[in-house]
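Here is how the chains run, residue by residue.
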Amino acid sequence: MGCRERAAKDDLLRIVAIEGACVPDHRGTLPGRGAYVHPALVCLDLAVRRRAFPRALRAPGPLDTKALRLAVEKTVAEKATP
Ligand SMILES: [Zn+2]
């Protein structure tokens, strides 16, 4: 969704909208529409800048992405340190 690069679903992070905020769905179990981005900051930031989340998740207004960004930052940090 962010960089528009194709990827297997397993490599992507599912995002859902809960109460006006984007929430990462690491296990893919949360209900509702999902949007998919690479778990990478460049990809996430692109999606945020394009306002892709409200569109993809059919949200009536803007969505808060602060918590989502922190979660992705954590994921990236975890991957960097095995
Ligand atoms: Zn991407």
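- Per an unreviewed UniProt entry, the protein chain is named YlxR domain-containing protein, and its organism is Streptomyces flaveus.

### Examining the overall build of the protein chain
Right, on to step 1. A count of helical and extended segments in the protein chain gives 3 helices and 3 strands.
Right, on to step 2. Listed by position from the N terminus, the elements making up the protein chain come as β-β-β-α-α-α.
Right, on to step 3. Computed over its C-alpha atoms, the radius of gyration of the protein chain comes to 12 Å, within 12% of the 12 Å expected for a compact globule of 82 residues.
Right, on to step 4. If you line up the protein chain on its principal axes, its C-alpha atoms span 40 × 25 × 25 Å.

### So, helix H1 (residues 41-49)
Right, on to step 1. Taken as a whole, H1 has its buried residues at Cys43, Leu44 and Ala47. With its buried residues spanning 95 degrees around the axis, H1 presents them on a single face. Every exposed residue of H1 that faces more than 90 degrees away from the buried side is listed here: Val42 and Arg49.
Right, on to step 2. The inward-facing, buried residues of H1 contact strand S3 (35-37), helix H2 (52-56) and helix H3 (66-80).
Right, on to step 3. Residue Arg51 follows H1 closely and has a positive phi angle near 55 degrees.

### Observations concerning the nonpolar core
Right, on to step 1. Ile15, Cys22, Ala35, Val37, Leu44, Ala47 and Phe53 are the most contacted members of the largest nonpolar core, which totals 14 residues.
Right, on to step 2. Contributions of two or more residues to this core are made by strand S1 (13-18), S3, H1 and H3.
Right, on to step 3. Sequence-distant contacts of Ile15, that is, excluding residues within four places in its chain, are made with Cys22, Val23, Pro24, Asp25, Gly34, Ala35, Val37, Phe53 and Leu68.

How each quantity is defined
- Residues numbered from 1 in each chain as written.
- Predicted model: local features only at pLDDT ≥ 70, side-chain atom pairs only at ≥ 80, totals over all residues.
- Helix = DSSP H or I, 4+ residues; strand = E, 2+ residues; numbered from the N terminus.
- Rg over C-alpha atoms; globule rule 2.2 N^0.38 Å.
- Buried ≥ 20, exposed ≤ 12 C-beta atoms within 10 Å, placed from the backbone.
- Arc of directions from axis to C-beta.
- Contact = placed C-beta atoms within 7 Å.
- Core = buried A, V, L, I, M, F, W, Y, C linked by C-beta atoms within 7 Å.

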